[in-house]
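Take a look at the letters that make up each chain.
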Amino acid sequence: MQHHRQSAIARAIRGVLLTLVGLFFLFPIFWVVLMSFQTNADILRTPPSLFFTPTLDNYVALITGQLDTAVGSLKISYMRNLWNSLVLSSASVALSLLLGIPAAYAFARYRFRLGENIAFTLLSFRFAPPLLVLLPLLLYFQDLGLYDTYIGLVWVYQLITLPLILWIVRGYFEDISPDIEHAYRVDGHGWLATFLKIAVPLARPGIAAAALLAFIFAWNNFVFALILGSSDVQPVTVGALAFITASGIQYGQIAAGLVLSMLPTLVLALLAQRYLVEGLSLGAVKG
Amino acid sequence: MAFLEIRNLTRRFKGKAVLEDLSLSVERGETVAVFGPSGSGKTVLLRLIAGVDRPDGGEIRLDGVDLTEQPPDRRDIGMAFQNFALYPHMSAYANIASPLRAKGASEDEIRAQVREVAALLRIDHVLTHAPRELSNGQKQRTALARALVQRPGVLLLDDPLRNVDAKLRYEMRIELPRVLARFQTTVLYVTQDYREAMALGQRVGVLEGGSFRQIGPPETVYAEPATVDVARLFGDPTIILFRRRIESDGNGAWTEFLGARIPVGAAADAGAACLVGIRPEHVQVAPAPIPDAVAVVLDAVTPLNVRTLLLLKDRDGEEIVATCPEEDAARFPRGHRDVWARIDPSRALVFDDRTGLRLPSGRI
């Protein structure tokens, strides 16, 4: 009886704690969503209030590209930025999958000279500060004509997406019993067929998780596009800067822009939630 | 030249030889059981033959063709892995069809052959199942069907009955020879169980310490083991061994055990240490005196399933293990008592104590 009461108390405490944690992490998102339906005047009112007349003006401004402020109207290209984000993130992940999956397989299955060193060097891209390479890259990109192009940015984005995919997928390949692949070879299939028909399908959950994570990381990147492109190719993360205007900061539009930019990753994450958690924990254990 | 010819095969891992100078010839259609304790390199041998591992030396020839440098997909070999190694994302049907698909067979042909082998192995009712939906026995049969379906030149079976339960193991031990005979294929059968090796192999190769200690028909390996180590690997309870000395007189060399004189062939030196081995079923025990028997003390009676195990002590206190058929066991009520025991000297084996080699038996 005593035990039962204690566990009931423990349950209650756990519920309260979970609610607190949830509030802590979800409140900013909740507040941003609220702000996106408010005018700048409502947002800046002190004290802030939960009661206001919702407006869709912020979204209309973003979608039409026409931002009306107190001092006049301003052209913004937020929808273009959103499109750029989609193009850059998808293309980067696609290229990384194309390069990273065979590389991950090689690292998982074969021991070769300097193999571990190469794998580690690729991983080290994840913890080297981007600013370290940005300035030289800018100069080279201008010389090579890659400045302000999708191709140039997708290339640089490989620093973010490739190591992630390589290391997570490698762990998944290592988990597949080599005997399964051996059996397929003995059946009479070549190594390429074995890779495509056995290894890749069996590592699919890992590939999905890694691709999703890489997509999110690419989507959230700010600094590469800020330096290496103009507004023609810049993603939403950089595009949001346009709302800091001469006549003040357009909090409403920024909030609406954030909500829009959150949606694709949110949808993706919800769709692949199971894979995501699996991939994250595996990456942590296998590293 | 034999159908499958392995010469001086060597494989090292981190400088340590797992197989060393191993040679084996297998005739077409023959079943050879490769038997040895765990870690003796049985699986490594199969992997080298299948081509999923590369030897550090030696060569493998199949029907006169050197396979040593060939990749696994060009070897005409079927292999059933100990852990089954089924493709988890394919149905049992697709698993079995895999070797035929690799050969580019037509769908009609594939369907006919998969059905045939599945019917033979009695898994035709589970062909649409994924491997995770199969019982262990069905998994093992599916793996076997996949190895058999393309009628390979050589079939490698890596302890296929290891991971199935006892009942199924007995069933398969009876069924396998029938299936293998039907396919008339050459088989290398790896096992850790001497009974399985003796039941399934036309010849048994005893692998220990990286090479074959003895290769021969099961009866020969059992009755005339080449070394004391080979003798020890067969039988349950295993052979009993006693240290003795070689004696010599005008009638030749001999040694003694349980009152019986065991002649030893000419090569033996008088005074040299030797080991006398006798299998427990060859110790005859009686409750009353019988000719040539020695009085011993019966210490314990342990019924096993078919034979009963008797623990004896001779007057020097040496422990002797004997077995007798279950129905004879009624003559030995449990408890400490005096009984009589004798051996047939012609059944006794004598080994050199130093080298472990069996000494030739002398004339009785």
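Since the model is a prediction, treat every value here as computed from it, not as a measurement.

K.L.:
Before we move on, can you summarise the overall build of chain B with the specific residues and values?
P.N.:
Across its full length, chain B carries eight helices and 21 strands. Overall, chain B is about 75 × 45 × 35 Å in size when its C-alpha atoms are taken along their principal axes. Looking at the 364 residues of chain B, the share that counts as buried comes to 51%. If you take every contact in chain B between residues at least 6 apart in sequence, the share linking residues at least 24 apart comes to 66%. Looking at chain B as shown, the accessible area adds up to about 16,500 Å², and 47% of this sits on carbon and sulfur atoms. Distance from the positive charge centre (48 side chains) to the negative charge centre (49 side chains) of chain B: 4 Å.

K.L.:
Pulling in residues and values, what's your account of the domain arrangement of chain B?
P.N.:
Residue and element names in this part refer to chain B. For chain B, the domain assignment lists domain 1 (4–226) and domain 2 (233–352). Here the C-alpha centroids of domain 1 and domain 2 sit 39 Å apart. Residue-level contacts link 11 residues of domain 1 with eight residues of domain 2. For the pair domain 1 and domain 2, the summed buried surface comes to about 920 Å²; carbon and sulfur atoms form 69% of the total. It is Tyr-194, Tyr-222 and Pro-225 in domain 1 that bury the most area against domain 2; as a group they hold 52% of the surface buried on that side.

K.L.:
Residues and numbers for the confidence of the model for chain A, please.
P.N.:
Residue and element names in this part refer to chain A. Per-residue confidence for chain A gives a mean pLDDT of 86, with 93% of residues at or over 70. Confidence scores differ between elements of chain A, with helix H14 (residues 273–286) showing the lowest mean pLDDT of 55 and helix H8 (residues 178–186) the highest of 95. Confidence over residues 282–287 falls short of pLDDT 50; this stretch has 10 contacts with residues more than four positions distant or in other chains.

Criteria and thresholds
Residue numbering note: each chain is counted from 1, following its sequence as written. Here every chain gets a letter starting at A, and every ligand a number starting at 1, in the order they are written. pLDDT decides what is reported in this predicted model: residues at 70 or higher carry local features, side-chain atom pairs at 80 or more are listed and counted, and totals for whole chains, interfaces and linings draw on all residues regardless. Only heavy atoms go into the side-chain values, all of them from the structure, while hydrogens and water stay out. Every helix listed is a DSSP run of H or I at least four residues long, and every strand listed is a run of E at least two residues long, numbered separately from the N terminus. Relative accessibility decides the category of a residue: with a 1.4 Å probe and only protein chains considered, values under 20% of the type maximum give buried, values over 50% give exposed, and everything between is partly exposed. Between two residues, a contact is recorded if the distance between any of their heavy atoms is within 4.5 Å. Each accessible area is a Shrake-Rupley result for a 1.4 Å probe, and residues are judged covered by the shown protein chains and nothing else. Charge counting follows a simple rule: Lys and Arg are positive, Asp and Glu are negative, and His as well as the terminal groups are ignored. Charge positions are represented by NZ for Lys, CZ for Arg, CG for Asp and CD for Glu. Residue ranges for the domains trace back to a domain assignment, done automatically or taken from a database. By definition, the buried area sums, over both parts, the 1.4 Å-probe accessible area that each loses when the two are put together. Values of pLDDT, ranging from 0 to 100, describe the predictor's confidence in every residue of the model.

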